[in-house]
Amino acid sequence: MKKSIHFIINPISGIGEKNILPSLIQKHLDHSIFTYKILFTEHRGHARLLSKTAAEEGVDIVCVAGGDGSVNEAGTALINSSTSLAILPTGSGNGIARHLGLSLKLKRSIQRLNTFKLKHIDTVTLNQKKAIGVSGFGFDALIAKRFDEYHSRGFLSYIKLVLKEFRNYKGISVILNEKEEFSDLLFCSVANTSQFGNGFYISPNSELEDGQFEVVIVKMPQTFAFIGLLIASLRGQIHHSKYVEFYKTSEMQIRIKNSMGHIDGEPVNFKNLNINLKCNPSSLTVVT
Ligand SMILES: Nc1ncnc2c1ncn2[C@@H]1O[C@H](COP(=O)(O)OP(=O)(O)OP(=O)(O)O)[C@@H](O)[C@H]1O
């Protein structure tokens, strides 16, 4: 019997044209293996609703075309279901797709679906919210919020914003497991995958199949050292920096002071800043 795929396309993700996707899918998907349907998201949160419905209907694969925000919406709706997640990376940063080693070329990533290889990956719970890639508090959350409101997307816009916002940024404080307190931090990340996106690594040793995640503490650097940190991040060397500490774990309680949060790059308002972090091992099936 043929497998069913629902393609869910976020038309505002990234900077590329999404209207060509239906013809690329028609051309490169193996129709002897798959039947498919194409849906475009119409608003924030729509990918979550469409994916939930697909899982309830017993669709085999939800293939989301978008960035990490869309991957989060679609993927977290499929946790512990028998529907697998596939990704066509059309976002600005595509951190989760890059971590999974997926091709950023649309033709290649559609063709790769035809081989239908599955992987069971971990997800992370932050209080009631679910994450797949990198979440956190502090400067990265501020950037997620500003980027969300920004007039343009893509890599260059992102870098411009990061450099502009750093100039006025005041640090945050974090307490780990009610014991260790850190103040004047640039940010605190919860990394289930290795990078924010665009090749900016925050936790190069994070893996999606180890039943654990990393809590990454980044101390506030001076401007010059901040540029150094960005370069180290792009080189995948940030774990050697004296400004960075890692805690690998499957569970942790963190208390955040004076910060907003983000989950998979999307700004999130946590009502309670006592956050219980928990890994959910092998809770999501992805096509790689
Ligand atoms: N039709 C739509 N109109 C407005 N917003 C939408 C629509 N469809 C989805 N969204 C929202 O767009 C936001 C950004 O999407 P996404 O993360 O996929 O792209 P990106 O930000 O360009 O990529 P990345 O997260 O990899 O940097 C998400 O919050 C998603 O809910």
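Source: prediction; values computed, not measured.

**Student:** Could you clarify how one ought to interpret the overall build of the protein chain in this entry?
**Tutor:** Per the secondary structure count, the protein chain includes 8 helices and 17 strands. Over its C-alpha trace the protein chain gives a radius of gyration of 19 Å, about what one expects of a compact globule, namely 19 Å for 288 residues. Dimensions of the protein chain, computed from the C-alpha atoms along their principal axes, are close to 55 × 35 × 30 Å. Here the contacts in the protein chain between residues at least 6 apart in sequence split such that 73% fall between residues at least 24 apart.

**Student:** Hey, could you run me through the UniProt feature "domain: DAGKc" (unreviewed entry) in the protein chain in this one?
**Tutor:** Under the UniProt annotation, "domain: DAGKc" (unreviewed entry) lies at residues 1-130. In this annotation, residues 1-130 is assigned 32% helix and 28% strand; the end-to-end C-alpha distance for the span is 33 Å.

**Student:** It is not clear to me how the site of the ligand should be interpreted in this structure. Could you clarify?
**Tutor:** Not every one of the 25 residues close to the ligand is listed here, only the nearest: G66, G67, G69, S70 and G91. In terms of residue count, helix 3 (residues 68-77) provides more of the shell around the ligand than any other element does, 4 residues in total.

**Student:** Help me out: how do you make sense of the domain arrangement of the protein chain in this one?
**Tutor:** Often the size quoted for an interface is simply the accessible area lost on bringing the parts together. Per the domain assignment, the segments making up the protein chain are domain 1 (3-116) and domain 2 (129-281). Of note, the centres of domain 1 and domain 2, computed from C-alpha atoms alone, are 26 Å apart. Counting from both sides, the interface comprises 16 residues of domain 1 and, opposite them, 19 residues of domain 2. Mapped by element, the contributors of at least two residues to the side of domain 1 that touches domain 2 are helix 3 and helix 4 (95-99). Broken down by element, the residue count for the side of domain 1 that touches domain 2 peaks at 6 residues, all from helix 3. Residue composition of the side of domain 1 that touches domain 2, by class: 4 nonpolar, 10 polar and 2 charged.

**Student:** Teacher, can you tell me more about the packing of helix 1 (residues 21-28) against helix 5 (residues 106-113) here?
**Tutor:** Each pair of packed helices can be summarised by the angle the axes make with each other and by the distance between the axes. Two elements in contact, helix 1 and helix 5, have axes separated by 9 Å at closest approach and are oriented at 45°. Taken as axis vectors, helix 1 and helix 5 run oblique relative to one another. Considering the relative orientation of helix 1 and helix 5, their crossing is right-handed. Of helix 5, the residues touching helix 1 (which contributes L21, L24, I25 and H28) are L106, K107, I110 and Q111. Residue classes in the contact of helix 1 with helix 5 are distributed as 5 nonpolar, 2 polar and 1 charged.

**Student:** I would appreciate a short explanation of the confidence of the model for the protein chain in the present structure.
**Tutor:** Close reading of the predicted structure is inappropriate where its pLDDT is low. Overall, the prediction assigns the protein chain a mean pLDDT of 95, with 100% of residues at 70 or greater. Interface confidence in the predicted complex, given as ipTM, is 0.97; pTM for the same model is 0.95.

**Student:** I keep staring at unusual backbone geometry and nothing clicks. Help me out?
**Tutor:** With a phi angle near 55°, N94 is a residue other than glycine that sits in the positive phi range. Mapped onto the secondary structure, N94 falls in the loop between strand 4 (84-89) and helix 4. Phi angles above zero are rare outside glycine, and S282 is one such case at about 45°. You can see S282 is positioned in strand 17 (residues 274-287).

**Student:** How should the nonpolar core be read in this particular structure?
**Tutor:** If you look at soluble globular proteins, the nonpolar side chains tend to sit buried side by side. In this structure, V62 and V64 are the most contacted members of the largest nonpolar core, which totals 71 residues. Among the domains, domain 1 (3-116) and domain 2 (129-281) are the pair contributing at least three residues each to this core. Among all residues touching V62, those that are not within four sequence positions of it are H6, I8, S51, A54, A74, L78, T83 and L85.

**Student:** Any chance you could explain the packing of helix 6 (residues 139-149) against helix 7 (residues 155-166) here in plain terms?
**Tutor:** Remark: helix 6 packs on helix 7, axes separated minimally by 10 Å, with the N-to-C direction vectors making an angle of 125°. Classified by the angle their axes make, helix 6 and helix 7 are oblique. Relative to helix 7, helix 6 is oriented so that their crossing is right-handed. Within the contact between the two elements, helix 6 uses L142, I143, R146 and F147 and helix 7 uses Y158, L161, V162 and E165. Tallied by class, residues from the contact of helix 6 with helix 7 come to 6 nonpolar, no polar and 2 charged.

Thresholds, definitions, all that
- Residues numbered from 1 in each chain as written.
- Predicted model: local features only at pLDDT ≥ 70, side-chain atom pairs only at ≥ 80, totals over all residues.
- Helix = DSSP H or I, 4+ residues; strand = E, 2+ residues; numbered from the N terminus.
- Rg over C-alpha atoms; globule rule 2.2 N^0.38 Å.
- Contact = placed C-beta atoms within 7 Å.
- UniProt positions renumbered as here; feature names shortened; annotations may be inferred.
- Near = placed C-beta within 6 Å.
- Domains from an automatic or database assignment.
- Nonpolar A, V, L, I, M, F, W, Y, C, P; charged D, E, K, R; others polar.
- Axes fitted to C-alpha atoms, helices over the stretch in contact; angles between N-to-C directions.
- Parallel < 35°, antiparallel > 145°, perpendicular 65-115°, else oblique.
- Left-handed = near helix turned anticlockwise from the far one by under 90°.
- pLDDT = per-residue confidence, 0-100.
- Core = buried A, V, L, I, M, F, W, Y, C linked by C-beta atoms within 7 Å.
- Buried ≥ 20, exposed ≤ 12 C-beta atoms within 10 Å, placed from the backbone.

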